[in-house]
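Spelled out from the first residue to the last, the chains are:
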Amino acid sequence: MGFILKLLLTAIITYVLARFLPGAHLGGFTDAILLVIVLAILNAVLKPILKILGFPITVLTLGLFLLVINAVIVLLADWLLAGFKLDGFLSALIFSVALSLVTSVVDMVID
């Protein structure tokens, strides 16, 4: 039950962020649910690989390269989904940072 609640809350957050942030375009709530699922899969499969490959750069930038990795994951989700579009890398970076911050607050409240 907790998984479904987190999925729906994250989809609602994603939908609201796409409406308010410049450069992020989301078709509807169904696309928001699909986006959350695709982001979860990409974060589970691809993100650890990118973290390992980018470890030297992450150390040199004192962890700021992880923001770039998050933005790349969001850009990949943009490429995979027809109902979600971003205007560029900066939009992906802003969207990923905002989504991470709001989702972490919701996770603290639910857990």
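Please refer to the structure higher up on the page.
Overview of the structure. Quick caveat: nothing in here was measured; it's all calculated off a predicted structure. (Residues numbered from 1 in each chain as written. Predicted model: local features only at pLDDT ≥ 70, side-chain atom pairs only at ≥ 80, totals over all residues. Heavy atoms only, no water.)

Now for the nonpolar core. Among the nonpolar cores identified, the biggest contains 24 residues, and Leu35, Leu39, Val74, Phe84, Leu86 and Phe95 are the most heavily contacted of them. For this core, the secondary-structure elements that each account for two or more residues are helix H1 (2–20), strand E1 (24–26), helix H2 (29–53), helix H4 (65–80), strand E2 (84–86) and helix H5 (89–110). Looking at this core, the element that brings in the most residues is H2, giving 6 residues. Not counting residues within four places of it along the chain, the set of residues in contact with Val74 comprises Leu39, Phe84, Leu86, Ala92, Phe95 and Ser96. (Core = buried A, V, L, I, M, F, W, Y, C linked by side-chain atoms within 4.5 Å. Buried < 20%, exposed > 50% of the residue type's maximum accessible area, 1.4 Å probe, protein only. Helix = DSSP H or I, 4+ residues; strand = E, 2+ residues; numbered from the N terminus. Contact = heavy atoms within 4.5 Å.)

A separate point is H4. Look at H4: 23 Å from first C-alpha to last across 16 residues, which is about the 22 Å you get at 1.5 Å a residue. Of the positions making up H4, those classed as buried are Ile69, Asn70, Ala71, Ile73, Val74, Ala77 and Asp78. Considering only its buried residues, H4 is in contact with H2, E2 and H5. (Expected span 1.5 Å × (residues − 1).)

Moving on to the pattern of salt bridges. Enumeration according to the criterion identifies 1 salt bridge in this entry. For Lys85, the salt bridge is made with Asp78, and the minimal N-O distance between the two is 3.8 Å. Take Lys85: its relative accessible area is 39%, and that puts it in the partly exposed class. With a relative accessible area of 11%, Asp78 lands in the buried category. (Salt bridge = Lys/Arg side-chain N within 4 Å of Asp/Glu carboxyl O.)

This paragraph deals with the packing of H2 against H4. Running from amino to carboxyl end, H2 crosses H4 at an angle of 135°, the nearest separation of the two axes being 9 Å. Classified by the angle their axes make, H2 and H4 are oblique. As for the relative orientation of H2 and H4, their crossing is right-handed in sense. Along the contact surface, H2 presents Leu35, Val38, Leu39, Leu42, Asn43, Leu46, Lys47, Leu50 and Lys51, while H4 presents Leu66, Ile69, Asn70, Val72, Ile73, Val74, Leu76, Ala77 and Leu80. Across the contact of H2 with H4, the residue classes tally to 14 nonpolar, 2 polar and 2 charged. (Axes fitted to C-alpha atoms, helices over the stretch in contact; angles between N-to-C directions. Parallel < 35°, antiparallel > 145°, perpendicular 65-115°, else oblique. Left-handed = near helix turned anticlockwise from the far one by under 90°. Nonpolar A, V, L, I, M, F, W, Y, C, P; charged D, E, K, R; others polar.)

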